[in-house]
Amino acid sequence: SLNKDGGFDLNASASDIDKCLRQILPPHLRTRRYSTLLLYPKLHVYPDRPKDMPNHIGSFLAKQCLVFSETVADVAFADSTVLDDLDSPELASHKAFVKVDEAFLEKWKGEHPGGGLRPTVMLNVDAGFKTSKAVSDEAARKRKAESAKVVAPKNN
């Protein structure tokens, strides 16, 4: 699970990384998989679905609602016990992926009339997290608005 530089191979499975950590770390520094979280910069752009995260560990942690914005550090500095309960409502606005809600499921059912595997988590757009598609669409709208202001030169 380690790459040639001594870091983790980000395409390794979560269980491979767990095995590697158990071999490398002394017992008092070992961690459980479900207490691991992934931090991204505040303005990071996310995929629509956890399975589209750039690596296996990111995908795994997104499915567990353990991908956070770096803004969670401010909360943790203010209250060092807040990370003891990663399901705390206080952390919800810092989570990139959260459990699906009824509105999301209804929309999903409408888009997938044949059924399929129901999603269990969704991107937390209510907290301001953005997908690459949303960023691209927003940039296209801005370009269109700017191009509408352009006036063609008159031919004399």
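Preceding this paragraph is the structure being described.
The model shown is predicted, which means the values in this text are computed figures rather than measured ones.

Summing up its helical and strand segments, the protein has five helices and six strands in all. The proportion of buried residues among the 156 residues of the protein is 27%. Partitioning the contacts of the protein with sequence separation of at least 6, the portion at a separation of at least 24 is 53%.

Let's shift gears to the environment of Asp9. By the secondary structure assignment, Asp9 is in the segment before helix H1 (14-24). The spacing of Asp9 and Asn55 is 46 residues in sequence and 9.1 Å in space, taken between C-alpha atoms.

Right, let's talk about the nonpolar core for a bit. Judged by nonpolar contacts, the single largest core of 23 residues is most densely connected at Tyr46, Val67, Leu91 and Phe97. The set of elements that each furnish at least two residues to this core consists of H1, helix H2 (56-63), strand S3 (67-69) and helix H3 (72-78). With four residues, the single largest contributor to this core is H2. The residues touching Tyr46, leaving out its near neighbours within four places in the chain, are Tyr40, Pro41, Val67, Phe68, Ala96, Phe97, Leu123, Phe129, Lys130, Thr131 and Ser132.

Moving on: H2. Taken across its eight residues, H2 has six buried, putting it largely inside the fold. All buried positions along H2 are accounted for by Ile57, Gly58, Ser59, Phe60, Leu61 and Ala62. Summarising the contacts, the buried residues of H2 are in contact with H1, strand S1 (38-40), S3, strand S4 (97-99) and strand S5 (121-123). After H2 finishes, the residue Cys65 shows a positive phi value of roughly 60°.

A word on H1. Restricting attention to buried positions, one finds in H1 the residues Ala14, Ile17, Asp18 and Cys20. The buried residues of H1 occupy an angular sector of 165° when the element is viewed end-on, so they sit on one face. Elements that come into contact with the buried residues of H1 comprise H2.

This brings us to the pattern of salt bridges. Under the criterion given, the structure shown has six salt bridges. The salt bridge partner of Lys130 is Glu138, with a shortest N-O separation of 3.1 Å. Using a relative accessible area of 36% as the deciding quantity, one classes Lys130 as partly exposed. With a relative accessible area of 27%, Glu138 lands in the partly exposed category. Of the charged contacts in the structure, one is a salt bridge between Glu138 and Lys142, with a shortest N-O distance of 3.6 Å. Placement of the pair is Glu138 and Lys142 together in helix H5 (residues 132-149), with a separation of four residues, close to one helical turn. In this structure Lys142 comes out as exposed when scored by relative accessible area, which is 52%. Bridged by salt links that share partners, the residues Lys130, Glu138 and Lys142 form one connected network.

Conventions used here
- Residues numbered from 1 in each chain as written.
- Predicted model: local features only at pLDDT ≥ 70, side-chain atom pairs only at ≥ 80, totals over all residues.
- Heavy atoms only, no water.
- Helix = DSSP H or I, 4+ residues; strand = E, 2+ residues; numbered from the N terminus.
- Buried < 20%, exposed > 50% of the residue type's maximum accessible area, 1.4 Å probe, protein only.
- Contact = heavy atoms within 4.5 Å.
- Core = buried A, V, L, I, M, F, W, Y, C linked by side-chain atoms within 4.5 Å.
- Arc of directions from axis to C-beta.
- Salt bridge = Lys/Arg side-chain N within 4 Å of Asp/Glu carboxyl O.

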